[in-house]
Each structure stands twice: as C-alpha cells, then as structure tokens.
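# Structural overview for review
Okay, here's what each chain looks like letter by letter:
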Amino acid sequence: MFCKSRFNKVVGPLTALAVVLTLACHKAQAQVKPFKVTGEGVAPFGLPLPGQDARPHSIVGNATHLGRHTGEGSVKTDSVVFDPTTGRIIGEFGSGAPFVFTGANGDELVCYYGRTDFGASKPGTFELTILDVLPDGSLVVEALFIAEFVPQPDECTGMFAGVTGSWVMYATTEPFVLGSNDPVNYSWQGQGSLTFAK
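Here we summarise the structure given alongside this text. Since we're looking at a predicted model, the values are computed, not measured.

### Some words on the pattern of salt bridges
One pass over the full model with this rule turns up three salt bridges. Notably, a salt bridge pairs Asp78 with Lys76, separated by 2.8 Å at the nearest N-O pair. Classification of Asp78 as partly exposed rests on a relative accessible area of 39%. Among the salt bridges present, the one from Glu127 reaches Arg88, with a minimum N-O distance of 3.1 Å.

Below is the structure:
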C-alpha cells in the first residue's frame, strides 16, 4: 500500500507535465495559411531584353498577412523566342535581386521569383502579344508573366521570419514598346500558401 501510494504521487505529476508539454508543442507547431496578393506597379526603365542588366520594378498592393504594402525588386530576362508559325513571342525570366514586400508595420517578406536556384519549381515564363508595329519596326506589345514566388526564410523579418511556402503570381502589362527604356505599368495577382514558423 505504501509503495502504491508513493508511485501515484510520482507518476501523477509526471503525467500532468507530459500533457502540458504535449499541448505546448502542438501550439508551437508551424501553421500553414493561405496567401493571396494583388498589386499595381511600374518598371520605371522598361523591361530588359536577354543579356541586359536586371531592371527595377516596384508595387503597391494588398495581401493576406501583409495588408497594405509596398514592394521593390528587379527583373531579368533569360530568353526570348519568336515562333514564326504561331506568331508567339515567349521566354523565361526571374528576379535579378530579391523582391521585398514591406508591410505597413515594417515586416518584410523577402522572395525570389522564377528562380529554380532559389526554390522555384520552374523558371518564370512570359508571352508577348504584338499589338502594333511602328514605322521604325519596333513592336508594341503587352506581356503576361507567370512565376512562382518563394520566400527566403532567413531574410524575412517580423511575423515572416522563418516563413516557407510559395505562391504563383500572374502579371499583365499595359502596352509598351519592346526594348525601350520607357516606364512599363503592370498589375499582378497571386495565391498559394505560407508556412509560419510560429
């Protein structure tokens, strides 16, 4: 009887401690949350052709977890191919430098897009639609860009510190002269999921 009573006194508190630790671990587990983003922006010096240096672009938008935000980064074009049988101009692109989304509170969501060397499943792709040919032979086009954005957990800050996941972004431009240095306006939207470390 003495042994059983003493056993219960030791095991009872240990069981309670195990329950508390289990609950604490469940609360600390990573949480997967849906992510949606929209925005409008500008590439102030136009869009680069293959072989040209990356060019900057910026946005103002709204997103889950970020709220109203701004963003800055740069884009580079890796290839352009014209298919004369279909008249399509297609190519691949990716970020030249990380794209940094900055929330109103200063938290930063730092991503690369269209870069397999930074976690994207495939390169970003684009398709140009020819709208007009100018007298000098320049093409007036609209572009559709598609790329996977992948957060860089060690570079993100605030609530995004340690975040993983990805989302696919679709961007469309207003008409622009291909190869010019004139500003190119665009809008984008995307959705996917983010896994928060806590």
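### Considering the packing of aromatic side chains
Taken as a whole and assessed by the stated rule, the structure comprises 17 aromatic pairs. Pairing Phe99 with Trp188 gives two aromatic rings, centres 5.3 Å apart and planes at 70°, and the pair type is edge-to-face. Taken together, the residues span a long stretch of sequence, with Phe99 in strand 4 (residues 88-103) and Trp188 in strand 10 (residues 184-196) at a distance of 89 residues. Trp188 sits in the buried class, given a relative accessible area of 7%. Ring geometry for Phe126 versus Phe145: centroids 5.6 Å apart, planes at 45°, classification tilted. Taken together, the residues span a long stretch of sequence, with Phe126 in strand 6 (residues 124-133) and Phe145 in strand 7 (residues 139-151) at a distance of 19 residues. Since its relative accessible area comes to 6%, Phe126 is described here as buried. Pairwise contacts between aromatic rings join Phe35, Phe93, Phe99, Phe101, Tyr113, Phe126, Phe145, Phe149, Trp167, Tyr186 and Trp188 into one cluster. Just above the ring of Phe196 sits the side chain of Lys33; from NZ or CZ to the centre is 5.4 Å.

Reading the values: rules and limits
- Residues numbered from 1 in each chain as written.
- Predicted model: local features only at pLDDT ≥ 70, side-chain atom pairs only at ≥ 80, totals over all residues.
- Heavy atoms only, no water.
- Salt bridge = Lys/Arg side-chain N within 4 Å of Asp/Glu carboxyl O.
- Buried < 20%, exposed > 50% of the residue type's maximum accessible area, 1.4 Å probe, protein only.
- Phe/Tyr/Trp six-rings, centres within 6.5 Å; stacked < 30°, edge-to-face > 60°.
- Helix = DSSP H or I, 4+ residues; strand = E, 2+ residues; numbered from the N terminus.
- Lys NZ or Arg CZ within 6 Å of the ring centre and 35° of its normal.

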